[in-house]
Amino acid sequence: STPLPLRAALRGIAPYLDGVGARWAAGLVSAMLAGLVALAIPQVIQVLVNSVFADVVQDVPPTDAARADVWWAAALLAGLGLAEALFVYLRRFFILPPAADVENRARITLYRRLQRMPAAFHDAWPSGQLLSRAQADLSLLRRWIAFGSVMLVVNTVTILVGMALLFGLSWQLALLYLAAAVPIMWRSFGFRNDFRSASRLSQDQAGDLATTVEESVHGIRVLKAFGRGAHALEGFQGRAETLRGTEVRKASVLSGFIALIVALPEAVLGIGLALGVWLVAQGELTVGALAAYFATAAVLSGPVESVGQLMGMTLAAKTAIDRHLDVLSSPATVT
């Protein structure tokens, strides 16, 4: 069937999402606060370096007030770290149970639908395909609701807020960091199409492989009686090798995109170090701002590096929804 847009696919599973919205939103807010707290830590470092360590840079013995500020900054950083951990815990607390409920409702609905379908439907559909849709696809949907959908939104917001903070520290260094986003955005369009097709093919082939295993297990007495074990093994091995090739191709597409979004920002940071030192020497940038720039970039590295994986997970979940709806949309010719 023709793949649906993501929004239309989500409308197709809307009955499973009843009562999930409030807890999902609470988990999203918790994850968002965790990301914002992580971005606040570099700003504390900037103030600490510029104010408390200013005397140390000028070879002036630190005063009692400076020592007290260090302890206050350390306590504040520890408090921010604990707050971040708490928000991460709350994200899981709010989202994991309803995501499991969605999976359970979808699985029961699919099983009920299969029982209502006539024998002709089951003759046309390989049992392994139905098993794959009931198990692997719905488990993937649960993981996407509990993690992928939330973190894709949170990481996008974190990157935008982080870029605003970088521009507040140094527009020159922020522009340099932003330059790495252009080739990444350009490649993301091709990646989306390549990974979506590979993901659908992989999930379909996994269903075919499950069908082969089930047929062999149910017919094991016939295989043994007629000595067809080697022939069955040859057919299974061929399907397994085909699935392996598809999985390797899918992994290659994803790894190539991840390599791009990891290598470019890291290379830019290397150039940014040289530029930042020059700006400090010219008096256009403080040492604290330079330290905060690299600390902020370190916080952004996680969200930036995970964009490819989250996009891949979203596309795979979209394929899983399509495959699930393929079964539900099949007409019941006998009522």
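Notes on the structure follow.

Definitions and limits used
- Residues numbered from 1 in each chain as written.
- Predicted model: local features only at pLDDT ≥ 70, side-chain atom pairs only at ≥ 80, totals over all residues.
- Heavy atoms only, no water.
- Core = buried A, V, L, I, M, F, W, Y, C linked by side-chain atoms within 4.5 Å.
- Buried < 20%, exposed > 50% of the residue type's maximum accessible area, 1.4 Å probe, protein only.
- Helix = DSSP H or I, 4+ residues; strand = E, 2+ residues; numbered from the N terminus.
- Contact = heavy atoms within 4.5 Å.
- 1 Å grid on protein atoms, 1.4 Å probe; cavity = no way out; pocket = protein on both sides within 12 Å on 5 of 7 lines; lining within 4 Å.
- Points joined across faces, edges and corners; volume = space filled by probe spheres on them.
- Nonpolar A, V, L, I, M, F, W, Y, C, P; charged D, E, K, R; others polar.
- Salt bridge = Lys/Arg side-chain N within 4 Å of Asp/Glu carboxyl O.

## Let's talk about the nonpolar core
Proteins that are soluble and globular tend to have nonpolar side chains buried together.
Phase 1 of the analysis: Leu-141, Val-150 and Val-154 are the most contacted members of the largest nonpolar core, which has 24 residues in total.
Phase 2 of the analysis: When contributions to this core are tallied by element, the ones reaching two or more residues are helix 2 (21–52), helix 4 (64–116), helix 6 (127–169) and helix 11 (287–328).
Phase 3 of the analysis: The leading source of residues in this core is helix 6, at 8 residues.
Phase 4 of the analysis: Filtering out sequence-adjacent residues up to four positions away, Val-154 remains in contact with Leu-28, Ala-31 and Met-32.

## Considering empty space enclosed by the protein
The rolling of a water-molecule-sized probe over the atoms marks out the regions of remaining empty space.
Phase 1 of the analysis: For the coordinates displayed, the defined rule picks out 1 cavity of 30 Å³ or more.
Phase 2 of the analysis: Taken as a whole, the largest cavity spans an internal volume of roughly 50 Å³.
Phase 3 of the analysis: Taken together, Tyr-177, Ile-261, Val-262, Pro-265, Glu-266, Leu-269, Ala-297, Ser-301, Val-304 and Glu-305 make up the full set of residues lining the largest cavity.
Phase 4 of the analysis: Elements that contribute at least two residues to the lining of the largest cavity include exactly helix 10 (229–281) and helix 11.
Phase 5 of the analysis: The dominant element in the lining of the largest cavity, judged by the number of residues it contributes, is helix 10, at 5 residues.
Phase 6 of the analysis: Class assignment of the residues belonging to the lining of the largest cavity gives a composition of 7 nonpolar, 1 polar and 2 charged.

## Considering the pattern of salt bridges
Pairing between side chains of opposite charge can happen when the charged atoms of each approach one another.
Phase 1 of the analysis: Scanning the entire structure with this criterion turns up 8 salt bridges.
Phase 2 of the analysis: Linking Arg-142 and Glu-103 is a salt bridge whose minimum nitrogen-to-oxygen distance equals 2.7 Å. In this pair, Arg-142 sits in helix 6 while Glu-103 sits in helix 4, placing the two residues 39 residues apart along the sequence.
Phase 3 of the analysis: Residue Arg-142 is classed as partly exposed on the basis of its relative accessible area of 28%.
Phase 4 of the analysis: Looking at Glu-103, the relative accessible area reads 10%, which means it is buried.
Phase 5 of the analysis: Between Arg-323 and Asp-137 there is a salt bridge whose closest N-O contact spans 2.5 Å.

## Points about the layout of surface pockets
Phase 1 of the analysis: By volume, the largest pocket amounts to about 580 Å³.
Phase 2 of the analysis: Lining the largest pocket are 21 residues; nearest its centre among them are Ile-159, Ala-181, Ile-184, Met-185 and Val-307.
Phase 3 of the analysis: Of all the elements in the fold, those that place two or more residues in the lining of the largest pocket are helix 6, helix 7 (171–179), helix 8 (181–218), helix 10 and helix 11.
Phase 4 of the analysis: Taken together, the residues that form the lining of the largest pocket break down as 17 nonpolar, 3 polar and 1 charged.
Phase 5 of the analysis: Space inside the second largest pocket adds up to approximately 300 Å³.
Phase 6 of the analysis: Considering the residues around the second largest pocket, the lining is formed by 18 residues, among which Gly-35, Glu-84, Met-151, Asn-155 and Pro-303 are closest to the centre.
Phase 7 of the analysis: Broken down by secondary-structure element, the contributors of at least two residues to the lining of the second largest pocket are helix 2, helix 4, helix 6 and helix 11.
Phase 8 of the analysis: Top element by residues in the lining of the second largest pocket is helix 11. It accounts for 6 residues.
Phase 9 of the analysis: Looking at the lining of the second largest pocket, its residues break down into 11 nonpolar, 5 polar and 2 charged.

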